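The chain contents come next:
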Amino acid sequence: MDPTQPAPPTSNISVRRGEPLVVIEHVDKHYGELHVLNDINTVVNRGEVVVVIGPSGSGKSTLCRAINRLETIDSGSISIDGERLPEEGAALAKLRADVGMVFQSFNLFAHKTVLENVTLAPIKVKRMSRKAAESEAMVLLERVGVANQAKKLPAQLSGGQQQRVAIARSLAMNPKLILMDEPTSALDPEMINEVLDVMVGLAKDGMTMIVVTHEMGFARKAADRVLFMADGRIVEESTPAVFFDHPTSDRAKDFLSKILDH
């Protein structure tokens with residue numbers, strides 16, 4: 001799909017701050033008999049923050065992971081910056097360098113220091129000098145509030161600190177897009193806000209982000225758009241104000257009544 005063309009009519013999304021960066025068209029995915037992604041259509045524009053919410057098993061994480069091909073799809077297409085997702089090889093490696101990923105479980109290298117975790121990809125993939133990579137890494141670690149932990153191993157950090165290191169690591173490749181799959185769900189409650197604050201800061205800076213989360217406060221505060229998924233489908237897609245205050249589907253109303261009353 002030509003990225004200069006309007007979004008496909010099925011997505012019904014107006015361009016906000018930039019041209020389409022991620023275009024998802026008619027994507028299907030099965031796990032055996034389970035139809036985990038069912039005709040998914042949406043567009044994420046450059047500089048936009050899209051929060052994906054919904055009940056467990058609705059396909060949120062699968063969709064997030066399909067965007068950088070950690071999960072394959074059965075049919076349909078996903079394009080990033082005008083190019084269809086490559087199947088494998090060097091083109092896929094380049095795509096993953098352009099798309100940052102922050103996981104629920106941090107996925108830091110346990111035997112490497114915080115600084116080494118953040119500099120590894122720029123040195124190995126982008127062929128940066130160690131000195132330049134370390135200089136940039138320290139700026140990023142300062143940005144996420146853990147520069148004073150640079151020489152420690154991940155196990156010496158709290159969960160919130162480790163997740164902030166993981167965010168810095170994803171930023172080190174200067175990605176076009178960051179995917180976040182439940183970035184706070186493994187954290188103790190008192191650590192969640194320190195990670196959400198970093199995420200809100202990234203949103204304000206104009207980073208394009210797709211965030212799968214149960215944190216409704218973040219969705220209200222930082223999202224340009226909310227995708228509500230259930231049973232493998234996008235059931236609703238609207239601004240946070242419209243979704244939280246005036247959901248249109250019974251499925252969304254039921255979901256919100258359960259989570260917002262507690």
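Definitions and cut-offs
Residues numbered from 1 in each chain as written. Predicted model: local features only at pLDDT ≥ 70, side-chain atom pairs only at ≥ 80, totals over all residues. Heavy atoms only, no water. UniProt positions renumbered as here; feature names shortened; annotations may be inferred. Helix = DSSP H or I, 4+ residues; strand = E, 2+ residues; numbered from the N terminus. Rg over C-alpha atoms; globule rule 2.2 N^0.38 Å. Buried < 20%, exposed > 50% of the residue type's maximum accessible area, 1.4 Å probe, protein only. Contact = heavy atoms within 4.5 Å. Axes fitted to C-alpha atoms, helices over the stretch in contact; angles between N-to-C directions. Parallel < 35°, antiparallel > 145°, perpendicular 65-115°, else oblique. Left-handed = near helix turned anticlockwise from the far one by under 90°. Pairing = 2+ DSSP bridges. Polar contact = N/O pair within 3.5 Å; in protein donor to acceptor, adjacent residues only side chain to side chain. 1 Å grid on protein atoms, 1.4 Å probe; cavity = no way out; pocket = protein on both sides within 12 Å on 5 of 7 lines; lining within 4 Å. Points joined across faces, edges and corners; volume = space filled by probe spheres on them. Nonpolar A, V, L, I, M, F, W, Y, C, P; charged D, E, K, R; others polar.

- By the naming in an unreviewed UniProt entry, the chain goes by ABC-type polar-amino-acid transporter and is assigned to Agromyces aureus.
- The Sequence similarities (unreviewed entry) field of the UniProt record for the chain holds the comment "Belongs to the ABC transporter superfamily."
- Regarding the chain, the relevant UniProt record gives this comment under Catalytic activity (unreviewed entry): "a polar amino acid(out) + ATP + H2O = a polar amino acid(in) + ADP + phosphate + H(+)".

**Concerning the overall build of the chain**
And then number 1: Across its full length, the chain holds nine helices and ten strands.
And then number 2: A compact globule built from 262 residues would reach a C-alpha radius of gyration of about 18 Å, and the chain, at 18 Å, matches this within 12%.
And then number 3: Principal-axis analysis of the C-alpha atoms places the extent of the chain at approximately 50 × 45 × 40 Å.
And then number 4: Counting the 262 residues in the chain, one finds 55% classified as buried.
And then number 5: Taking the intrachain contacts of the chain between residues at least 6 apart in sequence as the baseline, contacts between residues at least 24 apart amount to 67%.

**Side note on the packing of helix H3 (residues 114-124) against helix H5 (residues 159-171)**
And then number 1: Packing of H3 against H5 brings their axes to within 8 Å, and their N-to-C directions diverge by 25°. One way to sum up the angle between H3 and H5 is to call them roughly parallel. Considering how the two elements wind past one another, H3 and H5 form a crossing that is right-handed. Between H3 and H5, the contacting residues are Val114, Asn117 and Val118 on the first element and Val165, Ala168 and Arg169 on the second.

**Let's talk about helix H2 (residues 89-98)**
And then number 1: Those residues of H2 that sit buried are Leu92, Leu95, Ala97 and Asp98.
And then number 2: On its buried face, H2 is in contact with strand S4 (75-80), strand S6 (99-102) and strand S7 (177-181).

**Quick word on the sheet that holds S4**
And then number 1: The four strands lie next to each other as S2-S1-S4-S5, forming an open sheet whose pairing is antiparallel. Pairing within the sheet leaves two strands with one partner each, and these edge strands are strand S2 (34-45) and strand S5 (83-84).
And then number 2: Summarising the sheet, S4 and S5 pair through two bridges and their orientation is antiparallel. For Ile80, the partnering residue across the bridge sits in S5 and is Glu83.

**Some words on the sheet that holds S6**
And then number 1: Taken together, the six strands give an open sheet; going across it, the order is S6-S7-S8-S3-S9-S10, and neighbouring strands pair in mixed fashion. Two strands in the sheet have a free side with no partner beyond their single neighbour: S6 and strand S10 (233-238). Across this sheet, the average inter-strand angle for adjacent strands is 15°, counted without regard to direction.
And then number 2: Where helix H9 (residues 250-260) meets the sheet, it contacts strand S3 (49-53), strand S9 (225-230) and S10, and its direction lies at approximately 100° from that of S9.

**With respect to the UniProt feature "domain: ABC transporter" (unreviewed entry) in the chain**
And then number 1: Under the UniProt annotation, "domain: ABC transporter" (unreviewed entry) lies at residues 22-256.
And then number 2: As annotated, residues 22-256 comprises 39% helix and 26% strand, and the C-alpha atoms at either end are separated by 27 Å.

**Remarks on the environment of Thr213**
And then number 1: Mapped onto the secondary structure, Thr213 falls in the loop between strand S8 (209-212) and helix H7 (216-222).
And then number 2: What makes Thr213 buried here is its relative accessible area of 1%.
And then number 3: Excluding residues that lie within four positions of it along the chain, Thr213 makes contacts with Val51, Val52, Ile53, Glu182, Thr184 and Phe218.
And then number 4: Of note is the side chain of Thr213, whose polar atom sits 3.0 Å from the backbone nitrogen of Glu215.

**Structural notes on the side chain of Asn38**
And then number 1: Residue placement: Asn38 occurs in strand S2.
And then number 2: Looking at Asn38, the relative accessible area reads 15%, which means it is buried.
And then number 3: Contacts of Asn38, omitting those with residues within four sequence positions, involve Val27, Asp28, Gly232 and Arg233.

**Notes on the layout of surface pockets**
And then number 1: Taken as a whole, the largest pocket holds about 550 Å³ of empty space.
And then number 2: Contributing to the lining of the largest pocket are 18 residues, with Arg96, Met101, Ala121, Arg169 and Met173 lying nearest its centre.
And then number 3: Breaking the lining of the largest pocket down by element, the ones donating at least two residues are H2, S6, H3 and H5.
And then number 4: Partitioning the lining of the largest pocket into residue classes produces eleven nonpolar, five polar and two charged.
And then number 5: Estimates place the volume of the second largest pocket at around 180 Å³.
And then number 6: In this structure, the second largest pocket is lined by Ile80, Asp81, Glu83, Arg84, Pro86, Ala91, Lys94, Leu95, Asp98 and Lys176.
And then number 7: Broken down by secondary-structure element, the contributors of at least two residues to the lining of the second largest pocket are S5 and H2.
And then number 8: In terms of residue count, the dominant contributor to the lining of the second largest pocket is H2 (four residues).
And then number 9: In terms of residue class, the lining of the second largest pocket is built from four nonpolar, no polar and six charged.

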